[in-house]
Amino acid sequence: AQSVSQHNHHVILSEAASLELGCNYSYGGTVNLFWYVQYPGQHLQLLLKYFSGDPLVKGIKGFEAEFIKSKFSFNLRKPSVQWSDTAEYFCAAGGGSYIPTFGRGTSLIVHP
Amino acid sequence: DTAVSQTPKYLVTQMGNDKSIKCEQNLGHDTMYWYKQDSKKFLKIMFSYNNKELIINETVPNRFSPKSPDKAHLNLHINSLELGDSAVYFCASSQNTGGSYGYTFGSGTRLTVV
């Protein structure tokens, strides 16, 4: 069975700080990886996704993620966060016809 | 134009009542889903329908019954509501079974059972 672990449950940063949110997955086949963002009171939106090819994936709003197969990781990064990045971030992993499994989410608070 | 729309956005009801949440997508996607997000933000898949056929039915009480009249609609009916059903319910759709291209989520329905 596949599983997704997000190690940081709560992250608090000041504006302009760099961000890295960890995500590890366990899955026994070709994996598709996703990061979703949920702004306060809103629905989940896709930030970026990885299927194949370049392991460094660029997403919207300056986010990027790196797929490291040997570490089963897909960490999310942003060099300089803004107050508007305050949100819940979800990593998800799936493959083929398997429904993606979501991690438990990381709550990010950015202080102005 | 909202891609995945859910109604109602908020639903407050008493224990024991029966309620329905509706979902419609205009993306032409083949697969639709219901997810439950609890108070700790944990997202759990409940059901998945592909072209009106049920393909996933996770361990969910049988008080929850999905209905898909066509591939653009997936409604969720809940009988005999309980306090523990309070959560945010998200509808989602994807191009293919399994959502390997990613999901498009609806705005959610916040259900409060009192």
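Since the structure is predicted, the reported quantities are computational estimates derived from the model, not experimental observations. (Residues numbered from 1 in each chain as written. Chains lettered and ligands numbered in written order. Predicted model: local features only at pLDDT ≥ 70, side-chain atom pairs only at ≥ 80, totals over all residues. Heavy atoms only, no water.)

## Considerations on the nonpolar core
Turning to step 1, where the next piece is worked out: In terms of nonpolar packing, the biggest core is built from 29 residues, with Trp35, Leu48, Phe74, Leu76 and Tyr89 of chain A touching the most fellow members.
Turning to step 2, where the next piece is worked out: Elements with a contribution of two residues or more to this core: strand 2 (10-14), strand 3 (19-21), strand 5 (32-38), strand 6 (44-50), strand 8 (64-68), strand 9 (73-78), strand 10 (87-95) and strand 12 (106-111) of chain A.
Turning to step 3, where the next piece is worked out: A total of four residues in this core trace back to one element, the largest contributor, which is strand 10 of chain A.
Turning to step 4, where the next piece is worked out: With residues near it in sequence (within four places) discarded, Leu48 of chain A still touches Leu33, Phe34, Trp35, Val57, Lys58, Gly59, Phe63, Glu64, Ala65, Phe74 and Leu76 of chain A.
Turning to step 5, where the next piece is worked out: The next biggest cluster of nonpolar side chains, apart from the first, holds 20 residues, and it includes Leu11, Cys23, Phe64 and Leu81 of chain B. (Core = buried A, V, L, I, M, F, W, Y, C linked by side-chain atoms within 4.5 Å. Buried < 20%, exposed > 50% of the residue type's maximum accessible area, 1.4 Å probe, protein only. Helix = DSSP H or I, 4+ residues; strand = E, 2+ residues; numbered from the N terminus. Contact = heavy atoms within 4.5 Å.)

## Let's talk about the state of the cysteines
Turning to step 1, where the next piece is worked out: In the structure shown here, the tally under the stated rule is two disulfides over all chains.
Turning to step 2, where the next piece is worked out: Disulfide pairing is shown between Cys23 of chain A and Cys91 of chain A; the S-S distance is 1.9 Å. Its S-S torsion of about -70 degrees marks the bond between Cys23 of chain A and Cys91 of chain A as left-handed, since a negative value means left-handed. Remark: Cys91 of chain A occurs in strand 10 and Cys23 of chain A occurs in the loop between strand 3 and strand 4 (24-26); sequence separation between them is 68 residues.
Turning to step 3, where the next piece is worked out: On the basis of relative accessibility, which here comes to 0%, the residue Cys23 of chain A falls in the buried class.
Turning to step 4, where the next piece is worked out: What makes Cys91 of chain A buried here is its relative accessible area of 0%.
Turning to step 5, where the next piece is worked out: The disulfide partner of Cys23 of chain B is Cys91 of chain B, and the S-S distance across this bridge is 1.9 Å. Taking the sign of the torsion about the S-S bond as the criterion, the disulfide between Cys23 of chain B and Cys91 of chain B, at about -80 degrees, is left-handed. One end of the pair, Cys23 of chain B, is in strand 3 (residues 19-25); the other, Cys91 of chain B, is in strand 9 (residues 87-94), and 68 residues separate them in sequence. (Disulfide = S-S within 2.5 Å.)

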